[in-house]
Every structure is written in C-alpha cells, then in structure tokens.
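Residues per chain are reported as follows:
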Amino acid sequence: MMFKALKNHLELNRPAAAIWDGVGEDVIALHQADGRFIRVSNGAEDIFNVPSEQLMGLRLMDIIAPAHQDRLLKALSDVANQKGPGRARFEARVRIGEKLGAYIEMAISRAPKGQLRTVTRNIEHRLRREEAIREESQIALTAAEKRSEHLANMSHEIRTPLNAVIGFAEAMQGEQLGPMGNEKYKDYARVIHESGQHLLSLISDLLDLSKAEANEMAVNLAPEKPGDLIALCAEIMELRAREAGLYIRTDIEEGLGLAMLDAKVMRQILLNLISNALKFTEKGGVTISLKQDGAMLNISVVDTGVGMSPDELAIVGERFKQARSEGVRGTKGTGIGLSLSKALARIHGGELRIASAVGEGTTAVLRLPYRAAPTLAPSAQDHAGQAEMEAQILHSQEIPQKSNIMNFSDMKRA
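Residues numbered from 1 in each chain as written. Predicted model: local features only at pLDDT ≥ 70, side-chain atom pairs only at ≥ 80, totals over all residues. Heavy atoms only, no water.

J.: Outline the pairing of strand β12 (residues 362–369), supporting the account with residue identities and numerical values.
T.: With seven of its eight residues buried, β12 lies for the most part within the structure. Both strand β10 (residues 296–303) and β12 contribute to a ladder of seven bridges, which runs antiparallel. Looking at β12, one finds that Asn-298 is bridged to Arg-367. Of the strand pairs in this sheet, strand β11 (residues 351–356) and β12 are connected by six bridges, and their pairing is antiparallel. (Buried < 20%, exposed > 50% of the residue type's maximum accessible area, 1.4 Å probe, protein only. Helix = DSSP H or I, 4+ residues; strand = E, 2+ residues; numbered from the N terminus. Pairing = 2+ DSSP bridges.)

J.: Now, about the pattern of salt bridges: what can you tell me, with residues and values included?
T.: Close approach of charged atoms lets side chains of opposite charge pair. Within the structure shown, the criterion is met by 18 salt bridges. Of the charged contacts, one joins Arg-59 and Asp-62 as a salt bridge, the two residues approaching to 3.2 Å between their closest N and O atoms. Salt-bridge contacts for Glu-91 lead to Arg-89; the nearest nitrogen and oxygen are separated by 3.7 Å. Among the ionic contacts, a cluster of salt bridges with common partners joins Arg-89, Glu-91, Glu-105, Arg-126 and Glu-130. (Salt bridge = Lys/Arg side-chain N within 4 Å of Asp/Glu carboxyl O.)

J.: Which residues make up the packing of aromatic side chains, and what values go with them?
T.: For the coordinates displayed, the defined rule picks out two aromatic pairs. Between Phe-37 and Phe-48 the ring centres are 6.1 Å apart and the planes differ by 80°, which places this aromatic pair in the edge-to-face class. Residue Phe-37 is located in strand β2 (residues 37–40), and its partner Phe-48 is located in helix α2 (residues 44–48); the two are separated by 11 residues in the primary sequence. Between Arg-249 and the ring centre of Tyr-247, over which it is positioned, the NZ or CZ distance is 3.8 Å. (Phe/Tyr/Trp six-rings, centres within 6.5 Å; stacked < 30°, edge-to-face > 60°. Lys NZ or Arg CZ within 6 Å of the ring centre and 35° of its normal.)

J.: Give me the lowdown on a nonpolar patch on the surface, citing residues and values where you can.
T.: A cluster of nonpolar side chains, contributed by Met-154, Ile-158 and Leu-199, occupies part of the molecular surface with about 220 Å² of accessible area. Tracing the sequence through the fold places Leu-199 in helix α6 (residues 183–213). By relative accessible area, Leu-199 is classed as partly exposed at 39%. (Patch = residues over 30% accessible without salt bridge, like charges linked within 9 Å, V, L, I, M, F, W, Y side chains within 5 Å. Areas by Shrake-Rupley, 256 points an atom, 1.4 Å probe, with all protein chains shown as cover.)

J.: Which residues make up the sheet that holds β12, and what values go with them?
T.: An order of β7-β9-β10-β12-β11 is seen for the five strands of this open sheet, with the pairing classed as mixed. Edge positions in the sheet fall to β7 (247–252) and β11, since each has one partner strand and no second. Across this sheet, the average inter-strand angle for adjacent strands is 15°, counted without regard to direction. Strand direction decides the pairing type here: strand β9 (residues 285–293) and β10, joined by eight bridges, are antiparallel. In the strand pairing of β10, Asp-293 is matched with Met-296. Helix α8 (residues 263–279) rests against β7, β9, β10, β11 and β12 of the sheet, and its axis sits at about 25° to β10. (Axes fitted to C-alpha atoms, helices over the stretch in contact; angles between N-to-C directions. Contact = heavy atoms within 4.5 Å.)

J.: Lay out the sheet that holds strand β4 (residues 99–110) with the relevant residues and their values.
T.: An order of β2-β1-β5-β4-β3 is seen for the five strands of this open sheet, with the pairing classed as antiparallel. Lying at the two open borders of the sheet, with one neighbouring strand each, are β2 and β3 (87–96). For this sheet the average axis-to-axis angle between neighbouring strands, irrespective of direction, equals 30°. Of the strand pairs in this sheet, strand β1 (residues 26–31) and strand β5 (residues 116–122) are connected by six bridges, and their pairing is antiparallel. Considered in β5, the bridge of Ile-28 is made with Val-119. Across the face of the sheet, helix α4 (residues 69–80) comes into contact with β3, β4 and β5 while running at roughly 150° to β3.

J.: So, unusual backbone geometry: which residues are in play, and what are the values?
T.: A positive phi angle, near 70°, is found at Asn-49, a position not held by glycine. When you line up the elements, Asn-49 lands in the loop between α2 and α3 (52–55). Using a relative accessible area of 37% as the deciding quantity, one classes Asn-49 as partly exposed.

J.: Can you tell me about the packing of α8 against helix α10 (residues 337–347), naming the residues and giving the values?
T.: α10 packs onto α8 with a crossing angle of 145° between their chain directions and a minimal axis gap of 9 Å. The hand of the α8/α10 crossing is left-handed. Judged by residue contacts, Val-265, Gln-268, Ile-269, Asn-272 and Leu-273 of α8 engage Gly-337, Leu-338, Leu-340, Ser-341, Leu-344 and Ala-345 from α10. A class-by-class count of the residues in the contact of α8 with α10 yields seven nonpolar, four polar and no charged. (Left-handed = near helix turned anticlockwise from the far one by under 90°. Nonpolar A, V, L, I, M, F, W, Y, C, P; charged D, E, K, R; others polar.)

Geometric descriptors of this kind do not, in isolation, establish any biological role.
This is the structure in structure tokens:
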C-alpha cells in the first residue's frame, strides 16, 4: 500500500518537488547507500519525534530501537539482493538517542544512483485498535468460560435433587411400598415423573448448547451407516407420528457405504428436526432423505406443515427465540433445539440450512462432510451397546407426547 501511494503520486504528473510535501500520512525520505538521510518530506517530526533537519546525516540504524534493528537489517539485505524485487517492508519502534518516536511501518526500495528510498507510516492507531480487539476478545472468551463453568456447576447442582425426585416418582408409580389407596395419587406421581424428566432434558440441552458454542464438545467419529441412523430415528419417532395422524417416510440413496460420523450427534440433530417437523405439521407428514453430493452428505427433513414467513424464518436458530410459541397441537418449546442442532452441525464440520414458506411446509437440510470409512465388522459388544442405547431412546418415546419431555421435542419452529 505504501509503495502504491508513492507510485500514484508520481503518476499524477505532479512536479517532483511536490513529492516532498508529503503523500497523505506517509513520510518519504532519500538515503545514501549506507542509509544516511539525504532528504525528508514534510511531516517527519510527527513520526520521528525530531525536526527534519536533525535527521540529515543520520543512518537508518540510528533511528530504529535496538530491539528492532534486526528487522531493518533483514529488510536492507532483501533490498540489496539483486535477484529480489528490490524492496522490503518491516515494522519497528522509532528511537533517536533517548527519544522514543512512533511505532512505524517502513518500506525500503532501491532508488537511482545506488541510493535508497523509504516510505514511513505511523501505525500507532492501528496497533491500539488491534490491542483493543485482542482485549475485547479475551474478555469475551473469559466471560464465556465463566458462563460455561457456572452452567456446568448449576446443572450438576440441579440434576442431583432432580434425579431423586424422578426416582421417588417412579417408586410411587410402581407402588413399590404398597398401594397408594387413591388413583389420583398415582396420576400425580406420573405428572411429577414427567415434569422432572422434562426439566432434566432442558438442563441437558442447555449444557450441550453451551459446550457446543464454546467449542468444548468433542466429536467422536466412528464408522457408521448414515442410512441406518436415519432409519433408526424415523422408527423412534413413528409412534408419535401415528398418534398425530401423520406419516414418516425415508428416501435413502442406495450404495452409500460406511462413513465416519458421530452417531450420538447425528441422532440428536435428526430427532430434533423430526420432532420439530411433526410439531408444526397438521396433515400429511415428514419425509427424510439422504443423498451424497460430492464430498458432502445431504440429509433433508421435509414436512407438509404450516411453514414460516420471511420474518419468522429470519429469527430461526437464534438462542431462546421462537418463530411460533407453540405447535399445531398446542405443544410448547423453549427455543433451544434448533440453536443446539445448528451448533452440533458446525462442530461436526457441517451446517444446517432452513427454507420455508407459509402454507408450504419447511425443509431442513443437514450437510455434513462425507468421510468414507473402511468396512469393519462390529463386535458383539458394539451390537450390545447399540441395542442398549436404542432401547433407552425408545423407552423415552413411551412417555405421552403431552408431557413434551424428550430431549429433542422442545425444538422451536425450524
């Protein structure tokens, strides 16, 4: 930029003497081969902290702080290299005697008759701005770390008594210590249990969102069949869809082999998206498709629901904001689900895109890198672990929809 400023000045057909009036905020100087000042343009005192006439006869080495003189020597060496472009640039602190000057950016280039030309610019303001940005970033990072730590501690403190509430509610529902004597009490125990599970799921979502936004959530990639993960999620949500009079269909591209994926993250995103689609669909249903698009996997969740206006779509994905406060069957959400899904997609190296129109439904497209994996026969232990995890997820679906307690059913409108 500094060389360009000088070049532009020279190309404007101005008298040569006008150059020494200064080019904008730059100071131009001419030097002998040993770096001694021969001529300096106006404004030099603002940068070098001494009048221009006091610079005459001084060498470049005499005006650079000792700590930065190696940068000057490197620049001079580059300029002297006949195979190089004949110019170099460096940043340094000005120091003449005991007088400190500004922090500068200096460009050195070869001039006729074996001389050198320098263009110097004061960059103190830029450094202050960069330092302010660094300080603000550090403050924001520290605040985020404290929020994450506080949220984790708070979640732990809440989970401990909440698990006790859920456990005692289960014991009361099962009448483990004998009959309650009144069916109403049994119903109350069910409500306590469902409410406790619902609150526990919200706490888990908040903690996951905080970790994902702070990039503290690790992705555990393993060979998985993406089509099987989609089929599993569709099966989990099928009962809920049938109860609402809706369908769930899948359209899986054939021939896709194993891919390196985090199955837990994939399930969490997909269950969020499917649950949300069902929540805002009154007639028809949801279609989940999987296709390979070059180096990416495209997973689409398309519903025939009420859709969204451009204004509603604009706030989708913002934390705690909802395009609509409740679904078509009165189900309410918290505005966490889609924010979490977008954050999880990002840490998996992908993205989540949402498109919608009023009365035409909504399309959510999850795009993830397609990392092919070698075909490995899973061990019996892997099968057992998968079966146990699937059983736990399926068990969570047996709780009536009106309780809205699934980790992923509190999704805001996508």
